[in-house]
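Descriptive structure summary
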Amino acid sequence: MADSRKLIIAIDGPAGAGKSTIASRLARKLGYVNLESGAMYRALALKAIEWDVSFDDEQDLLKLAHEARIQLEPTLTGNRVLLDGKDVSQRVREPDVTEAASRVSVHPLVREWMVARQQEMGTEGGIVMEGRDIGTKVFPNAQVKIFLDADPVVREQRRLAQKKMSNAAAQVSFAELRERDQRDRTRAASPLQPAPDALILDSTRMSEEDVLQRVEEYVSARLDTAGLDVPRLDAAGPT
Ligand code: DC
C-alpha cells in the first residue's frame, strides 16, 4: 500500500520554464525521486525514428510503445533514460527527437499508455514528477501541483545559455520552440494547461533561487495543511 506520508508533487509547464532544475533540486531536498515524464515521450520518439515509424500513425506508435522498454533512472542531475536497455540520455535531447516527441505526444492512445506507466511509477509516493499533464491527468489527486511558466523569449534565452549556437541556428530554434509550445497547448488530448488547484508561478523575472524558495514555501504550506510527516524542507538536503 502507498505510504500516505510520501507526497506526490506534480510540476507542469512549457519547455524552458525551469521545471527540470526545480524538480530535481526539490526532490533532492525532500529525499524524493524526480521523474521526467517528457523523457518517456522522447524515448518513444527515438524508437519511432529508429524504426522509421510515422509520427502521425497512432496505431503503429502504440504498438511500438508496447514493444519498447523505457526506463527512467533518477540521478542527482536529472534522469538517465534507457531505451531497450541502452543509455539514450544524450540522444533524446537532440533536436530531431525533441521535435518528434512533441508530435508523438499528441496521440490519445500513446498518452493513455504513457499515463498508465507514469501512474505505476507513483504508486509509492515520494516523487516529484514533471511534465505537461501531471497535475491534470497523471496525478489529479497530487497533494502539491505547481505550474511553472515564463515568457517564451526568456525561456528560449535560458535554453540558449546552456548551448553554443550561431544566431541563425538560434532563430530556427526559437521558431521551433514556439511551434512545439503551440502544439502542446492546443492538442485535443491533455493540452498543456494548469490544473485548477495548481500554484501558478511565472518565473520570467525570477532567479532559479527565487523560484526554488517560493516552491519550497508552497510545499511547506501544503504539508502543514495536510498534516503530513515528511522531511523538513529547511533541513540540509543531500548535496
Ligand atoms: O519536457 P520535455 O521537453 O522533455 O517533453 C518532450 C515532449 O513531450 C514535449 O513536446 C511535450 C511532451 N510531453 C507531454 O506531452 N506530456 C508530458 N507529461 C511530458 C512531455
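Residues numbered from 1 in each chain as written. Predicted model: local features only at pLDDT ≥ 70, side-chain atom pairs only at ≥ 80, totals over all residues. Heavy atoms only, no water.

1. Some remarks on helix α3 (residues 58-67)
Considered for burial, the residues of α3 that qualify are Leu61, Leu62, Leu64 and Ala65. One side of α3 holds all its buried residues, which, seen down the axis, span an arc of 160 degrees. Exposed residues pointing more than 90 degrees away from the buried face of α3 are listed as Gln59, Lys63 and His66. Contacts made by the buried residues of α3 are with α2 (37-50), α4 (95-104) and α5 (108-121). (Buried < 20%, exposed > 50% of the residue type's maximum accessible area, 1.4 Å probe, protein only. Helix = DSSP H or I, 4+ residues; strand = E, 2+ residues; numbered from the N terminus. Arc of directions from axis to C-beta. Contact = heavy atoms within 4.5 Å.)

2. Topic: the pattern of salt bridges
According to the stated counting rule, one finds 21 salt bridges in the structure shown. Here Asp87 ties to Arg80 by a salt bridge, and the two come within 2.9 Å at their closest N and O atoms. One salt bridge in this structure joins Asp133 and Arg111, with 2.9 Å as the shortest N-O distance. Placement of Asp133 in the loop between β6 (127-131) and α6 (134-138) and of Arg111 in helix α5 is noted, with a sequence separation of 22 residues between them. The class of Asp133 is buried, set by a relative accessible area of 2%. (Salt bridge = Lys/Arg side-chain N within 4 Å of Asp/Glu carboxyl O.)

3. Focus on the sheet that holds strand β8 (residues 199-202)
Within a beta sheet, neighbouring strands are joined by backbone hydrogen bonds and run either parallel or antiparallel to one another. Here five strands make up an open sheet; going across it, the order is β2-β6-β1-β7-β8 and the pairing parallel. Both outer strands of the open sheet, β2 (33-36) and β8, are each paired with one neighbouring strand and no more. Here the average twist between neighbouring strands, direction ignored, is 20 degrees. Across four bridges, β2 lies against β6 in parallel orientation. In the strand pairing of β6, Val33 is matched with Ile127. Taken strand by strand, α2 contacts β2 and β6, and its axis lies near 40 degrees from that of β2. (Pairing = 2+ DSSP bridges. Axes fitted to C-alpha atoms, helices over the stretch in contact; angles between N-to-C directions.)

4. With respect to the pairing of strand β3 (residues 70-75)
Pairing of β3 with strand β4 (residues 78-83) involves six bridges; the strand directions are antiparallel. Across the sheet, Leu72 pairs through a bridge with Val81, a residue of β4. Where β3 folds back on β4, the antiparallel hairpin that results is connected by two residues.

5. Some details on the confidence of the model for the chain
Of all residues in the chain, 91% attain a pLDDT of 70 or more, and the chain-wide mean is 88. With pLDDT under 50 throughout, residues 230-239 is counted as low confidence; its partners more than four residues away or in other chains account for 16 contacts. (pLDDT = per-residue confidence, 0-100.)

6. Structural notes on the environment of Arg93
Note that Arg93 resides in the loop between β5 (86-87) and α4. Excluding residues within four positions of it along the chain, Arg93 makes contact with Glu36, Ala39, Arg42 and Thr98. Within the local environment of Arg93, its side chain forms a polar contact with the side chain of Glu36, the two groups lying 3.0 Å apart. (Polar contact = N/O pair within 3.5 Å; in protein donor to acceptor, adjacent residues only side chain to side chain.)

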